[in-house]
Amino acid sequence: MLKSIEKCFEITEREPDQIGPLKLAYLGDAVYELIVRTILMDSRDRSVKKMNKAAQDLVNATTQARIAEAIEPKLDETEVAVFHRGRNAKNNSMSKHSDIHDYRIATGLESLFGYWYMSGKLDRAVTLLQSAAHELKLLS
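Only a predicted model underlies this, so the values are computations on that prediction, with no experimental measurement involved.

About the thresholds
- Throughout, residues of each chain are indexed from 1 in the direction in which the sequence is written.
- Residue-level local features of this predicted model are given only where pLDDT is at least 70; pairs of side-chain atoms are given and counted only at 80 or more, and the full residue set underlies all totals for whole chains, interfaces and linings.
- The side-chain values count all of the structure's non-hydrogen atoms but skip hydrogen atoms and water molecules.
- Residue types Ala, Val, Leu, Ile, Met, Phe, Trp, Tyr and Cys, when buried and joined through side-chain atoms within 4.5 Å, form a set referred to as a nonpolar core.
- The buried label applies to any residue whose accessible area, calculated with a 1.4 Å probe on protein chains only, is under 20% of its type's maximum; exposed applies above 50%, and partly exposed to all values in between.
- What counts as a helix is a DSSP run of H or I of at least four residues, what counts as a strand is a run of E of at least two, and both are numbered from the N terminus.
- We call two residues in contact when some of their heavy atoms are within 4.5 Å.
- We call two N or O atoms a polar contact when they sit within 3.5 Å, provided that within protein one can donate a hydrogen and the other can accept it, with sequence-adjacent residues counted only if both atoms are side-chain atoms.
- Take the number of residues in a helix, subtract one, and multiply by 1.5 Å to get its expected span.

(A) Quick look at the nonpolar core. Counting 34 residues, the largest nonpolar core has Tyr32, Ile71, Leu112, Phe113, Trp116 and Leu129 as the members making the most contacts within it. Looking at this core, the elements with two or more residues in it are helix 2 (21-40), helix 3 (48-58), helix 4 (61-71), helix 5 (77-88), helix 6 (100-119) and helix 7 (122-135). In terms of residue count, helix 6 provides more of this core than any other element does, eight residues in total. Residue contacts for Ile71: discarding those within four places in its chain leaves Leu109, Leu112, Trp116, Leu128 and Ala132.

Printed below as a string of structure tokens:
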């Protein structure tokens, strides 16, 4: 899919390790939410209102920090480096609904999702997210 987008908009290819951590987090935020919403689409007995509530419960800094901590032991060396770059990046914005610690960990997770998207590794992102969400009993 990324190649199609690049072709349509004449985006120059970039290696994910050449993209700044906050830009990866910016992209990863959208990728993470799209994956969450896609996972929730499998809930046949859930109304759109209930799916939206479930998505909100999964797409916030506090929950993302818990998910990051659950998947971190499963990351390879490159993924750990991407996560740490995102987590440690100087960011002047702050979440209104979470503490700075959770917000930074969530930024690291979002950087990772941006990295996976740009690397063409969405399957890995989905697998680890689903695994962590089930492990933490975030999905029913």
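After that view of the structure, there is still more to cover.
(B) Representation of helix 4 within the structure. For helix 4, the buried fraction is high: eight of the 11 residues fall into the buried class. For helix 4, the capping residue at the N-terminal end is Asn60, with a side-chain oxygen 3.1 Å from the backbone nitrogen of Thr62.

(C) Expanded view of the side chain of Ser111. Looking at where Ser111 falls in the secondary structure, it is placed in helix 6. On the basis of relative accessible area, Ser111 is assigned to the buried category, the value being 0%. Setting aside residues no more than four positions away along its own chain, Ser111 makes contact with Pro21, Leu24, Ala25, Val82 and Gly86.

(D) Spotlight on helix 6. For helix 6, built from 20 residues, the straight-helix expectation of 28 Å at 1.5 Å per residue is met to within 8% by its first-to-last C-alpha distance of 28 Å. By the criterion of burial, helix 6 is predominantly enclosed, with 16 of the 20 residues buried. Sitting at the head of helix 6, Asp99 places a side-chain oxygen 3.1 Å from the backbone nitrogen of His101. At the exit of helix 6 stands Gly120, carrying a positive phi of roughly 75 degrees.

(E) Spotlight on the environment of Phe113. Here Phe113 lies in helix 6. Here Phe113 falls in the buried class, since its relative accessible area comes to 1%. Residues Phe113 and Tyr32, spaced 81 residues apart in sequence, show a C-alpha to C-alpha distance of 6.3 Å. Leave out the neighbours within four places in its chain, and Phe113 touches Gly28, Val31, Tyr32, Ile35, Ala125 and Leu129.

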